[in-house]
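# Structure at a glance
This is what each chain is made of:
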Amino acid sequence: MSAAAIKDKSPGPSAQSPPSGGSQESAKKMLTRKIAVMGYPCVGKSSLTLRFVQGEFPDVYDTTIEDLHQKNYHYNGREYNLRITDTAGQQEFSIFPRSCSVDIDGYVLVYAIDDRKSFETIQMIYEKVIENVGGSKVPLLLVGNKVDLQHSSRVVPQAEAKNFAEKWHARFIEVSAKDNLGVRNAFEGILDEIDQSRGIVKPKNQGNKGGCTIS
Ligand SMILES: Nc1nc2c(ncn2[C@@H]2O[C@H](COP(=O)(O)OP(=O)(O)OP(=O)(O)O)[C@@H](O)[C@H]2O)c(=O)[nH]1
Ligand SMILES: [Mg+2]
């Protein structure tokens, strides 16, 4: 796998993460969070990432090798430097990408609600994450993308995905990168999961676990 290209779309001079011992007070408070976006090919990993990072939905499908995006993000009174790895779609998971096993704070596992195979594969990916990263306390978000297609071509019932998320102690959300539904909530959800796992914030709404829906 080729080295990830860094795509920094954050505005302003503080786009880079602060050097250690930096002098600016604001820079000192910047929290770096590394997030991996994983899933079967064509589920919308890149569209979701680009919608969040750049506010755009790409016109053309361009399969990903691996891209690293950066974004500075203000959330819950904190400043985050987000480093989001948009991974290559995986048909099967015999090899777990090294870039996803080292130094990742949280995982966004994406399937498409109109693609049953992508949902089956996400369960394998989940097992590989647990196997490679270790422990059952990995911050995880299960994302059902393409919810704009729910009335025409849904094949993965929401309840089924919700059950898996509950079993995994993961947060769950259905989104549409195309219609920009729930995308921000998804990335804020994984930030919450990461910060809760570190004891930085208390779980504020357990109801979100295994059940946040955009419709
Ligand atoms: N209807 C609909 N189509 C979407 C949505 N998100 C992505 N797509 C389409 O799905 C196709 C794949 O999108 P990508 O974002 O490239 O998918 P990917 O998972 O990054 O694909 P790989 O990099 O090949 O693994 C494209 O044709 C997108 O336009 C969505 O929310 N709704
Ligand atoms: Mg992609």
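Calculation notes
- Residues numbered from 1 in each chain as written.
- Chains lettered and ligands numbered in written order.
- Predicted model: local features only at pLDDT ≥ 70, side-chain atom pairs only at ≥ 80, totals over all residues.
- Helix = DSSP H or I, 4+ residues; strand = E, 2+ residues; numbered from the N terminus.
- Buried ≥ 20, exposed ≤ 12 C-beta atoms within 10 Å, placed from the backbone.
- Contact = placed C-beta atoms within 7 Å.
- Near = placed C-beta within 6 Å.
- Nonpolar A, V, L, I, M, F, W, Y, C, P; charged D, E, K, R; others polar.
- Pairing = 2+ DSSP bridges.
- Axes fitted to C-alpha atoms, helices over the stretch in contact; angles between N-to-C directions.
- Parallel < 35°, antiparallel > 145°, perpendicular 65-115°, else oblique.

The protein is annotated in an unreviewed UniProt entry as GTP-binding protein Rheb from Diploscapter pachys.

This next bit is on the overall build of the protein. For the protein, the helix and strand inventory stands at 6 helices and 7 strands. Of the regular secondary structure in the protein, the N- to C-terminal order runs β-α-β-α-β-β-β-α-β-α-α-β-α. Every one of the 215 residues in the protein was classed for burial, and the buried ones make up 40%. Across the protein, the fraction of contacts at a sequence separation of at least 24, relative to all contacts at a separation of at least 6, is 73%.

Our next topic: the site of ligand 1. Around ligand 1 sit 20 residues, and of these G44, S46, S47, T64 and G89 come closest. Broken down by element, the residue count for the shell around ligand 1 peaks at 3 residues, all from helix α2 (residues 45-54). Across the shell around ligand 1, the residue classes break down as 7 nonpolar, 9 polar and 4 charged.

Buried residues dominate strand β5 (residues 106-112), accounting for 7 of its 7 residues. Residues G106, V108, V110 and A112 point to one face of β5 and Y107, L109 and Y111 to the other, with burial holding for every one of them. When β5 meets strand β6 (residues 140-145), the two strands line up parallel, connected through 6 bridges. By the bridge assignment for β6, V110 is matched with V143.

Here we take up the packing of α2 against helix α6 (residues 183-197). For the pair α2 and α6, the least separation of the axes is 9 Å and the interaxial angle reads 90°. If you check the angle between α2 and α6, you find them roughly perpendicular. Contacts between α2 and α6 involve L48, R51 and F52 from the first element and V183, R184 and F187 from the second. Class assignment of the residues belonging to the contact of α2 with α6 gives a composition of 4 nonpolar, no polar and 2 charged.

What follows deals with the pairing of β6. Regular strands place side chains that alternate from one sheet face to the opposite one. Burial analysis of β6 places 6 of its 6 residues in the buried class, the great majority of the element. The side-chain alternation of β6 yields two buried faces, one formed by L140, L142 and G144 and the other by L141, V143 and N145. In this structure, β6 lies alongside strand β7 (residues 171-174), joined through 4 bridges in parallel fashion. Across the sheet, the residue bridging to G144 is E174, located in β7.

For the rest of this paragraph, the subject is the environment of V102. Looking at where V102 falls in the secondary structure, it is placed in the loop between β4 (78-87) and β5. According to the C-beta neighbour criterion, V102 is exposed, with 10 such atoms within 10 Å. Through-space distance from the C-alpha of V102 to that of N132 is 9.1 Å; in sequence the pair is 30 residues apart.

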